[in-house]
Each structure stands twice: as structure tokens, then as C-alpha cells.
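Next come the chains, spelled out residue by residue.
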Amino acid sequence: MKAAVVVFPGSNCDRDLAVAFERAGAEVSMVWHKETELPAGIDIVGVPGGFSYGDYLRCGAIAANSPICKAVVKHAEAGGFALGVCNGFQILTETGLLPGALRRNAGLKYICRTIGLQVETSESAFTAGYSKGDVIDIPIAHHDGNYFADEDVLARLKGDDRIAFTYTDNPNGSVADIAGVLSANKRVLGMMPHPERAADSGHGGTDGTAMFSALMQQVVSA
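Residues numbered from 1 in each chain as written. Predicted model: local features only at pLDDT ≥ 70, side-chain atom pairs only at ≥ 80, totals over all residues. Heavy atoms only, no water.

Caption draft 1: Looking closely at unusual backbone geometry. The backbone of Asp55 sits at a positive phi, close to 60 degrees, despite the residue not being glycine. Mapped onto the elements, Asp55 comes out in the loop between β3 (44-47) and α2 (67-77). Here Asp177, not a glycine, exhibits a phi torsion of approximately 60 degrees, which is positive. You can see Asp177 is positioned in the loop between β9 (163-167) and β10 (178-182). For Asp177, a relative accessible area of 32% translates into the label partly exposed. (Helix = DSSP H or I, 4+ residues; strand = E, 2+ residues; numbered from the N terminus. Buried < 20%, exposed > 50% of the residue type's maximum accessible area, 1.4 Å probe, protein only.)

Written out as C-alpha cells, the structure reads:
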């Protein structure tokens with residue numbers, strides 16, 4: 001598997017995401033936000049957490065209009081895989097690749113702790129390493145993780161089995177406890193929790209490892 005991790009001014013989880021991909025067996029390229037094309041042969045693009053462009057305007061809004069994001073959108077629209085984590089999730093919603101929006105946490109405070117996630121579907125390359133109903137422990141670190149979508153969008157997400165994860169104890173006010181959603185073809189995932197921070201026993205947990213291992217198998221065989 002060949003992965004590209006996009007780097008914006010303010011990214012702070014790009015190396016963590018790259019290491020998680022590498023440990024799963026992927027060949028990883030780091031791609032600067034001013035590039036206009038992804039490297040040839042990329043299977044999956046990782047859009048990392050952080051504070052792209054200082055989170056000015058809406059979180060992810062400036063990054064979504066960067067040169068490289070045009071290439072990310074093109075990659076995804078052609079059927080390529082993409083994973084957006086935290087700020088990366090915000091960016092993917094701003095590009096229109098994923099529905100909904102991320103708003104300020106309901107408590108108006110930054111939250112940084114490990115929380116429980118329930119796996120809502122195993123029918124995607126990202127969640128194939130889990131079983132539906134599994135509860136995994138994954139860290140969160142965000143101020144604007146309150147996922148919102150209107151009733152029509154929620155109905156489509158539920159009806160098409162596109163809710164990937166929900167919070168077992170909602171920390172931020174997200175509608176329907178949603179922590180991560182999939183695109184219509186299930187090849188793009190956006191999630192606020194950080195699986196790359198739960199992929200090394202030295203960091204306190206490994207519940208995110210199954211995501212990257214499954215991606216390696218699913219994406220290569222896709």
C-alpha cells in the first residue's frame with residue numbers, strides 16, 4: 001500500500017499518522033500543502049490532525065482550499081481512499097467529500113482524553129478489523145468536534161450504514177453521538193478521535209492498530 005500524508009502549516013499529527021501507516025506495512029510519502037499533485041500510485045491519503053492555518057475562519061476551511069486538497073478531492077472522486085482524523089475530518093467536510101460540519105464542543109472547552117468508541121459497521125476498509133458493536137478506546141483532542149448534520153443527512157447516513165463510530169459517552173454534543181462517518185462509497189472516512197495515537201503500546205493503547213492493519217489488507221486487495 002502506498003500512502004500519502006498531507007502536511008499543512010499547523011499540522012501536529014502528520015508524523016504520528018505516517019508512523020501508523022508505516023507500521024502497518026505501507027510506503028508513506030509526506031506531501032506539503034502547496035503541492036498540486038499527489039505522488040503517483042497513491043492508494044490512500046491521510047489528512048492529519050492539528051490546527052491547519054491556525055484554525056482561522058472555520059476549522060479546516062482554509063486548508064480545504066489549498067492546492068493539495070484539490071488533488072485529494074480528485075483522488076477520492078476517482079475512487080481512491082482517504083482518512084481524515086480530527087482536523088482532517090474538519091477539512092474533509094469543508095471540501096464536501098463528507099457530509100455535515102464540525103462545530104464548537106457543546107461545553108465550549110478543549111477536550112483531551114481517551115474515550116470509548118462503539119464500532120457501528122464493519123462494512124468498510126477502515127472498520128473491517130473490528131466487529132459491529134465492539135467498543136474500543138481511542139484518544140480525542142479537540143475543541144471543535146461537535147458533529148452536526150440535518151435530519152435528511154442523518155437518515156441517509158443511517159440508512160446507508162455510513163456511521164462508522166459513535167461515542168459511548170458523548171463528550172462534545174455530536175448529533176446521534178457520531179464520532180466518524182463514511183462517504184457514499186465508503187472509501188473516505190472522517191473521525192474526530194485519533195486512531196494513530198492508539199497504535200503503539202508505548203503510548204498507552206493499541207485499539208487503533210486494527211484499523212491500519214485492516215486498511216493494509218483491504219486497500220491492497222481493492
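Caption draft 2: Main features of the pairing of strand β6 (residues 111-119). Both β6 and strand β7 (residues 135-142) contribute to a ladder of 8 bridges, which runs antiparallel. Bridging from a neighbouring strand, Gln118 pairs with Val135 of β7. Two strands pair when backbone bridges link them, and β6 and β9 are joined in this way by 3 bridges, in the antiparallel orientation. Bridging across to β9, Leu117 finds its partner in Tyr167. (Pairing = 2+ DSSP bridges.)

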